[in-house]
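Coordinates in review
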Protein chains: 2
Amino acid sequence: MNKEQILNAFHFRHACKEFDPEKKISREDFDYILETGRLSPSSFGFEPWKFVVVQQPLLREKLLPVTWGAQKQIPTSSYFVIILARTKKDLVADADHIRNIMENIQQLPEEVVKRKGEIYHRFLETDFKILDNERVMFEWACRQTYIALGNMMTAAALIGIDSCPIEGFDKDQAESILRDEGLLEGDRFGISCMVAFGYRVKEPRDKTRQRIEQVVEWVQ
Amino acid sequence: MNKEQILNAFHFRHACKEFDPEKKISREDFDYILETGRLSPSSFGFEPWKFVVVQQPLLREKLLPVTWGAQKQIPTSSYFVIILARTKKDLVADADHIRNIMENIQQLPEEVVKRKGEIYHRFLETDFKILDNERVMFEWACRQTYIALGNMMTAAALIGIDSCPIEGFDKDQAESILRDEGLLEGDRFGISCMVAFGYRVKEPRDKTRQRIEQVVEWVQ
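Residues numbered from 1 in each chain as written. Chains lettered and ligands numbered in written order. Predicted model: local features only at pLDDT ≥ 70, side-chain atom pairs only at ≥ 80, totals over all residues.

1. A look at the pairing of strand β1 (residues 49–54) of chain A
Applied cut-off: Labels follow a simple rule on C-beta atoms placed from the backbone: if 20 or more others lie within 10 Å of a residue's own, it is buried; if 12 or fewer, it is exposed; otherwise it is partly exposed. Helix and strand definitions follow DSSP, with helices as H or I runs of at least four residues and strands as E runs of at least two, each counted in order from the N terminus. Pairing between strands is defined by DSSP: at least two bridges between them are needed.
Within β1(A), five of the six residues are buried, which leaves it mostly tucked inside the rest of the structure. Judged from the five bridges that link them, β1(A) and strand β2 (residues 79–86) of chain A form a sheet pairing that is antiparallel. Paired with V53(A) across the strands is V81(A), a residue of β2(A). Bridge count for β1(A) against strand β5 (residues 216–219) of chain B is four bridges, and the pairing is parallel.

Written out as structure tokens, the structure is:
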């Protein structure tokens with residue numbers, strides 16, 4: 001593929017606040033976007049995420065009062081996704097989720113499961129030192145979800161679809177709404193972020209970024 | 001662009017453990033990869049990141065003993081990048097970095113700077129409740145860097161370049177090495193992750209992922 005075309009897609013992408021309510025993304029295109037989320041990499045391959053696609057008008061309405069960053073995106077987006085990240089109880093080395101991924105998804109032999117589990121535990125405890133704080137563990141899972149978030153927005157932009165990543169919500173209140181809907185599966189998940197997809201109604205302002213020399217440092 | 005071609009790139013990408021030492025990525029291709037990192041979105045547009053490109057053999061050697069997850073990638077990669085994330089002192093609403101981005105990069109009028117700063121402070125304190133813990137603040141900045149991480153790996157894969165994201169390092173020890181080199185700028189930065197780029201020497205195992213129905217939940 002052509003580098004210039006790809007960079008054009010990175011310039012095309014912006015945090016689109018309002019979408020054209022008349023122009024809907026096809027299900028085929030949206031399935032492609034979700035597939036790039038599914039195929040995204042994650043630490044140890046543990047995929048600590050879930051993508052909740054909120055199409056039900058009633059649930060969108062309930063979310064509106066606690067989601068100040070998505071006042072126009074919730075009503076106008078073709079697809080509105082809440083990205084969940086797993087909480088500590090699903091992330092510790094002996095959690096069912098971790099064992100399930102290693103045994104049934106990665107289909108590792110039993111001795112590799114054991115060794116990888118030990119390395120993983122040491123990673124959490126010693127290398128990253130995140131095991132003793134539930135929120136830090138959750139945030140580390142959230143990191144992984146942002147790979148999928150970035151990929152889905154880029155995949156959308158590559159085929160001319162707009163998106164908006166959203167952190168502008170009250171986490172506790174939004175989670176309370178999802179909890180009532182049974183979507184957090186006994187607090188095995190929390191809300192990492194939200195992302196809306198659609199087609200823009202107006203052109204964005206110019207993109208602003210630090211210059212390349214301000215963000216890249218070469219050690220040669 | 002063609003969805004199938006793009007999905008092929010997502011299948012092509014894998015955590016490449018060893019690169020062909022004879023086959024180097026051109027500087028032009030690598031600049032394109034960095035540019036997709038630079039253009040990546042971040043919360044409030046605060047770009048809480050820096051990309052340190054470690055080409056110096058001596059620094060690569062120093063990192064090797066504290067980076068168990070990059071034993072083959074450090075010696076063989078064309079470009080080895082350490083992604084830094086800003087720490088709390090650079091992330092609070094009245095930090096120089098935050099003001100600099102709003103005033104000089106985003107060039108917002110003074111009243112907008114004030115309002116956005118207030119919204120941002122409330123977001124940290126009330127919406128996400130991350131202000132009272134330094135590590136959680138850092139992890140939140142790390143989230144943002146994973147958007148750039150994902151984009152750089154995807155951008156690489158789209159033009160046939162391999163990569164490997166790396167969390168397998170002792171954070172304290174690796175930071176101590178960078179601190180000695182003056183790269184953390186007075187602990188304004190910490191290490192979020194590392195990522196190596198090059199060309200594969202062998203084909204990977206089949207990709208394993210949960211099925212789409214396992215990671216996507218529709219609320220209709």
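From this point on, the discussion continues.
2. Here we look at the domain arrangement of chain A
Residues and elements named next belong to chain A. The condition that has to hold: As annotated, the domain borders come from an automatic or database domain assignment. Placing C-beta atoms from the backbone, we regard two residues as in contact once those atoms come within 7 Å. Three classes are used: nonpolar for Ala, Val, Leu, Ile, Met, Phe, Trp, Tyr, Cys and Pro, charged for Asp, Glu, Lys and Arg, and polar for all others, with Gly counted as polar.
Per the domain assignment, the segments of chain A are domain 1 (3–88 + 133–215) and domain 2 (93–130). Taken residue by residue, the interface counts nine residues in domain 1 and seven residues in domain 2. Of all the elements, helix α7 (residues 134–158) adds the most residues to the side of domain 1 that touches domain 2, at three residues. Partitioning the side of domain 1 that touches domain 2 into residue classes produces five nonpolar, two polar and two charged.

3. Thoughts on the pairing of strand β4 (residues 189–198) of chain B
Two faces make up the sheet, and in a regular strand the side chains alternate between them. All names here are of chain B. With 10 of 10 residues buried, β4 lies mostly within the body of the structure. Across five bridges, the pairing between strand β3 (residues 162–166) and β4 is antiparallel. Within β4, the position partnered with S163 by the bridge is F197.

4. A look at the packing of helix α2 (residues 27–38) of chain A against α7(A)
Residues and elements named next belong to chain A. Threshold: The axes used here are C-alpha line fits, helices contributing only the stretch in contact, and every angle between their N-to-C directions lies in the interval 0 to 180 degrees. Each crossing gets its handedness from the near helix: less than a right angle anticlockwise from the far helix is left-handed, clockwise is right-handed.
At their nearest, the axes of α2 and α7 sit 8 Å apart, and the two run at 150° to each other. Note that α2 runs across α7; the crossing there is right-handed. Residue-level contacts link Y32, I33, T36 and G37 of α2 to A148, N151, M152, A155 and A156 of α7. Of the residues belonging to the contact of α2 with α7, the class tally is six nonpolar, three polar and no charged.

5. Section: the relation of the copies chain A and chain B
Our working definition: Overlaid copies result from least-squares superposition on C-alpha atoms, with residues included only where pLDDT is at least 70 in both.
Of the transformation placing chain A onto chain B, the axial shift is 0.0 Å and the rotation is 180°, giving an RMSD of 0.0 Å. Considering both components of the superposition, the chain copies are consistent with a two-fold axis. For chain A, the smallest separation between a C-alpha atom and the rotation axis is recorded for R143(A), amounting to 2.0 Å. Same-surface contact between copies: 100% of interface residues of chain A are shared with the interface of chain B.

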